[in-house]
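Here's the letter readout for the chains.
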Amino acid sequence: MAALPVLALLVLLAWGGPPAAGQKRKEMVLSEKVNQLMEWASKRSVIRMNGDKFRRLVKAPPRNYSVIVMFTALQPHRQCVVCKQADEEYQILANSWRYSSAFTNKIFFAMVDFDEGSDVFQMLNMNSAPTFINFPAKGKPKRGDTYELQVRGFAAEQLARWVADRTDVNIRVIRPPNYAGPLMLGLLLAVVGGLVYLRGSNLDFLYNKTGWAFAALCFVLAMTSGQMWNHIRGPPYAHKNPHTGQVSYIHGSSQAQFVAETHIVLLFNGGVTLGMVLLHEAATSDMDVGKRKIMCIAGIGLVVLFFSWLLSVFRSKYHGYPYRYVSR
């Protein structure tokens, strides 16, 4: 009977001892991880990781912090222009968090370059860059933890909204001072002031209908090509597959676009407009018949060619569109 208390004590130690020791070990490992990340974050807002660091600090438990990781290919021989542009915005976002008064160890920003962590790309079955993924404090990344770059663009403000949605951490994006806007405004005012000074009281140029019509046409072409969408969403200029090297200038979805795509559409719209202007001049001008015929043929050629190309772009974005003009 005297052996029963001893046996009970041994049972309690067997059940209570190891879990307590295991919990303590987990806390020590977690503390080491957080301290390491905080030390790196104090030196650089975006922590560069290779395969070993990624597996130890991002994939392996325990973890009570979220890690936003940008998978990219920044080496010059990769020729990923979009990666460089996205990296600039990502650095702005990370710096805004690192130097804000709300900075904590709840979230960290990291980067895995393809040439430094190709094994990570293979492990995640990733074949494009740049890609942003949130690795939450608990569990594995879900579908919404992968940022929709092609739809939302890579502007720091858009990334901050996505981070707030996935981690409940609100980051106020603070950009470095940009003096390009005030300089351009000052230059415009200087040009207008110079013209007024040189022309004196003769302000007939302000009533020039052709000048105003050309300015209005340029504005309309810029807006119809999607320049305002670019300004709001901040999409990449183009997309280059880091594995195949293929560059895409036209986005394959009707819900997004590239900057290069707007330039192409602007050029096509401008060609159609020029063709229509030539047709109008051929019909209304007082030139001889031969010149008017040449203008008419040139106008028809421009309209047919550029409208056909414009329709091809439309077909590539709206899949299944059954109509075509000339080109496929």
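Residues numbered from 1 in each chain as written. Predicted model: local features only at pLDDT ≥ 70, side-chain atom pairs only at ≥ 80, totals over all residues. Heavy atoms only, no water.

(A) Spatial organisation of the packing of helix α3 (residues 81-98) against helix α6 (residues 156-167). Viewed as axis vectors pointing N to C, α3 and α6 meet at an angle of 55 degrees, and their least axial separation amounts to 9 Å. The angle between the axes of α3 and α6 places the two elements in the oblique class. Both α3 and α6 take part in a crossing whose hand is right-handed. On the side of α3, the interface is formed by E89, Y90, I92 and L93, while α6 contributes A156, L159, A160 and V163. (Axes fitted to C-alpha atoms, helices over the stretch in contact; angles between N-to-C directions. Helix = DSSP H or I, 4+ residues; strand = E, 2+ residues; numbered from the N terminus. Parallel < 35°, antiparallel > 145°, perpendicular 65-115°, else oblique. Left-handed = near helix turned anticlockwise from the far one by under 90°. Contact = heavy atoms within 4.5 Å.)

(B) Molecular detail of the packing of aromatic side chains. A full pass over the atoms with the stated rule returns 14 aromatic pairs. Both rings, one in F71 and one in F121, keep their centres 5.8 Å apart while their planes meet at 90 degrees; by these two values the pair is edge-to-face. On the criterion of sequence distance, the pair formed by F71 in strand β2 (residues 66-72) and F121 in helix α4 (residues 118-123) is long-range, its members being 50 residues apart. Of the two residues, F71 and F121, both sit in the buried class. Feature note: the residues F54, F71, F114, F121 and F135 constitute an aromatic cluster, connected by ring pairs. The ring centre of W40 lies 4.6 Å from the NZ or CZ of K53, which sits over that ring. Stacked on the ring of F103, the Lys or Arg R98 has its end atom at 4.9 Å from the ring centre. (Phe/Tyr/Trp six-rings, centres within 6.5 Å; stacked < 30°, edge-to-face > 60°. Buried < 20%, exposed > 50% of the residue type's maximum accessible area, 1.4 Å probe, protein only. Lys NZ or Arg CZ within 6 Å of the ring centre and 35° of its normal.)

(C) Representation of the state of the cysteines in the model. On inspection of all chains with the given rule, the structure shows one disulfide. Shown here is the disulfide that connects C80 with C83, its sulfur atoms set 2.1 Å apart. Of note, the bridge from C80 to C83 carries an S-S torsion of about 70 degrees and is right-handed in sense. (Disulfide = S-S within 2.5 Å.)

(D) Region of interest: the environment of L279. Along the chain, L279 falls in helix α10 (residues 259-284). Classification of L279 by relative accessible area gives partly exposed; the value is 25%. The spatial distance from the C-alpha of L279 to the C-alpha of M295 is 6.6 Å, given a sequence separation of 16 residues. Excluding its chain neighbours within four sequence positions, the residues that come into contact with L279 are C296, G299, I300 and V303.

(E) Structural detail: a nonpolar patch on the surface. Nonpolar side chains collect at one region of the surface, where L185, L188, L189 and V192 lie side by side and expose about 390 Å² of accessible area between them. Relative to the helices and strands, V192 resides in helix α7 (residues 180-199). (Patch = residues over 30% accessible without salt bridge, like charges linked within 9 Å, V, L, I, M, F, W, Y side chains within 5 Å. Areas by Shrake-Rupley, 256 points an atom, 1.4 Å probe, with all protein chains shown as cover. Salt bridge = Lys/Arg side-chain N within 4 Å of Asp/Glu carboxyl O.)

(F) Expanded view of the nonpolar core. Counting 54 residues, the largest nonpolar core has F71, L93, F109 and F132 as its most contacted members. Ranked by the residues each element gives to this core, the list is headed by α3, at eight residues. With near-sequence residues (within four places) excluded, F132 lies in contact with V69, M70, A86, Y90, D145, T146, Y147, L149, L159 and W162. Listed in part, the six residues of the second largest apolar core include V265, F268, L310 and V313. (Core = buried A, V, L, I, M, F, W, Y, C linked by side-chain atoms within 4.5 Å.)

(G) Examining the pairing of strand β3 (residues 107-113) more closely. Of all seven residues in β3, seven are buried, a share of seventy percent or more. Here three bridges tie strand β1 (residues 46-48) to β3, and the two strands are oriented parallel to one another. Residue pairing in the sheet places V46 in a bridge with F109 of β3. Here seven bridges tie β2 to β3, and the two strands are oriented parallel to one another. If you follow I68 over to β3, its bridge partner there is F109. In terms of handedness, the path from β2 via α3 over to β3 forms a crossover that is right-handed. (Pairing = 2+ DSSP bridges. Right-handed = clockwise from strand over helix to strand, strands pointing away.)

(H) Structural detail: the pattern of salt bridges. Applying the stated criterion to the full structure yields 10 salt bridges. As a salt-bridge pair, R55 and D52 come within 3.2 Å of each other at their nearest N and O atoms. One end of the pair is R55 and the other is D52, both in helix α2 (residues 51-59) and three residues apart, which spans about a single turn. For R55, a relative accessible area of 32% puts it in the partly exposed group. Judged by relative accessible area, D52 falls into the exposed class, the value being 55%.

Limitation: the analysis is restricted to geometry and does not speak to function.
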